[in-house]
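# Results of the structural survey
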Amino acid sequence: MKQRVDIEEWLTAEELGRVRDAVRAAEKRTSGEIRVHLDVAIMEDVLDHAAFVFDDLGMARTKDRNGVLIYVSIPGRKVAVIGDVAIHAKLGDDYWHGVLDLILEDFKQDRFCEGLCAGVERLGEQLREHFPHQRDDVNELNDDVSFGI
């Protein structure tokens, strides 16, 4: 079942920029890659669809396999956080649930930008610990928020 939602009603252009800037700030301290993806469809299995988007965005093709995706199905306010194999091996399921809870706390108060930025910051801290920034690091993935329609 699909329900159309206008993304600009959910996050303004300025807020999208703040989320992008949070990704850039987090990635300056790590070789890891973070993406935020917003979808305007209600998904029955948000985790399954997030895995599809993870692959579609090329996140499994990073050099160190340390990419993380925050996936949001806007209409249902459903969120999934997925890490690639190298970072998942270091953190495990409990960590992803903690990031998810942090994001959802703000979502419950309609503070979507704040929730996404807090989640990105938390991810950046762990990525920095396990995958510190390297002098020869290159930004392998786009930092802008991506969209599914």
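Below you will find a few notes about this structure. (Residues numbered from 1 in each chain as written. Predicted model: local features only at pLDDT ≥ 70, side-chain atom pairs only at ≥ 80, totals over all residues. Heavy atoms only, no water.)

## Re the sheet that holds strand β2 (residues 67-73)
Read from one edge of the open sheet, four strands run β3-β2-β1-β4, paired in mixed fashion. Edge positions in the sheet fall to β3 (78-83) and β4 (146-148), since each of these pairs with one other strand and no more. If you compare each strand with its neighbour and ignore which way they point, the axes differ by 20 degrees on average. Both β2 and β3 contribute to a ladder of six bridges, which runs antiparallel. Following the sheet pairing, Ser-73 is matched in β3 by Lys-78. (Pairing = 2+ DSSP bridges. Helix = DSSP H or I, 4+ residues; strand = E, 2+ residues; numbered from the N terminus. Axes fitted to C-alpha atoms, helices over the stretch in contact; angles between N-to-C directions.)

## A word on the nonpolar core
Trp-10, Val-36, Leu-38, Ile-70, Val-72, Leu-116 and Leu-123 are the most contacted members of the largest nonpolar core, which totals 35 residues. Beyond its immediate chain neighbours, meaning those up to four positions away, Val-72 contacts Trp-10, His-37, Leu-38, Asp-39, Lys-78, Val-79, Phe-107 and Leu-116. Among the nonpolar cores identified, the runner-up in size contains 13 residues, and Val-46, Val-53, Leu-57 and Met-59 belong to it. (Core = buried A, V, L, I, M, F, W, Y, C linked by side-chain atoms within 4.5 Å. Buried < 20%, exposed > 50% of the residue type's maximum accessible area, 1.4 Å probe, protein only. Contact = heavy atoms within 4.5 Å.)

## A word on the pairing of β2
In terms of burial, β2 is largely enclosed, as seven of its seven residues are buried. Because side chains alternate across β2, one face comprises the buried residues Gly-67, Leu-69, Tyr-71 and Ser-73, and the other comprises Val-68, Ile-70 and Val-72, equally buried. Here strand β1 (residues 33-39) runs beside β2; their pairing, made up of seven bridges, is parallel. Following the sheet pairing, Asp-39 is matched in β2 by Ser-73. With helix α3 (residues 46-56) bridging β1 and its parallel neighbour β2, the resulting β-α-β unit is right-handed. The turn joining β2 and β3, which pair antiparallel and follow one another in sequence, is formed by four residues; a positive phi near 50 degrees is taken by Arg-77. (Right-handed = clockwise from strand over helix to strand, strands pointing away.)

## Overview of the pattern of salt bridges
Tallied over the full model, the rule gives seven salt bridges. Its salt-bridge partner being Lys-108, residue Glu-105 comes within 3.4 Å of it at the nearest N-O pair. Residue Glu-105 is classed as partly exposed on the basis of its relative accessible area of 43%. (Salt bridge = Lys/Arg side-chain N within 4 Å of Asp/Glu carboxyl O.)

## Examining α3
Here α3 has its buried residues at Val-46, Ala-50, Val-53 and Phe-54. Each buried residue of α3 sits inside an arc of 105 degrees when the element is viewed along its axis, so together they form one side. Exposed and oriented more than 90 degrees from the buried face of α3 are Asp-48, Phe-52, Asp-55 and Asp-56. Backbone nitrogen of Leu-47 and a side-chain oxygen of the N-cap are separated by 3.3 Å at the start of α3; the cap is Asp-45. Just past α3, the residue Gly-58 takes up positive phi, approximately 75 degrees. (Arc of directions from axis to C-beta. Polar contact = N/O pair within 3.5 Å; in protein donor to acceptor, adjacent residues only side chain to side chain.)

## What to know about the environment of Lys-108
With respect to the helices and strands, the residue Lys-108 is situated in the loop between α4 (85-107) and α5 (112-130). Placed 58 residues apart in sequence, Lys-108 and Ala-50 show a C-alpha to C-alpha distance of 21 Å.

## Section: the packing of aromatic side chains
Enumeration according to the criterion identifies four aromatic pairs in this entry. Aromatic pair Trp-10 and Phe-107: ring centres 5.5 Å apart, planes at 90 degrees, arrangement edge-to-face. Taken together, the residues Trp-10 in helix α1 (residues 7-10) and Phe-107 in helix α4 connect sequence positions 97 residues apart. The exposure class of Trp-10 is buried, given its relative accessible area of 9%. Residue classification places Phe-107 among the buried positions, given a relative accessible area of 1%. With centroids separated by 5.3 Å and ring planes inclined at 75 degrees, the aromatic side chains of Phe-107 and Phe-112 adopt a geometry described as edge-to-face. (Phe/Tyr/Trp six-rings, centres within 6.5 Å; stacked < 30°, edge-to-face > 60°.)

Purely geometric numbers; function is a separate question.
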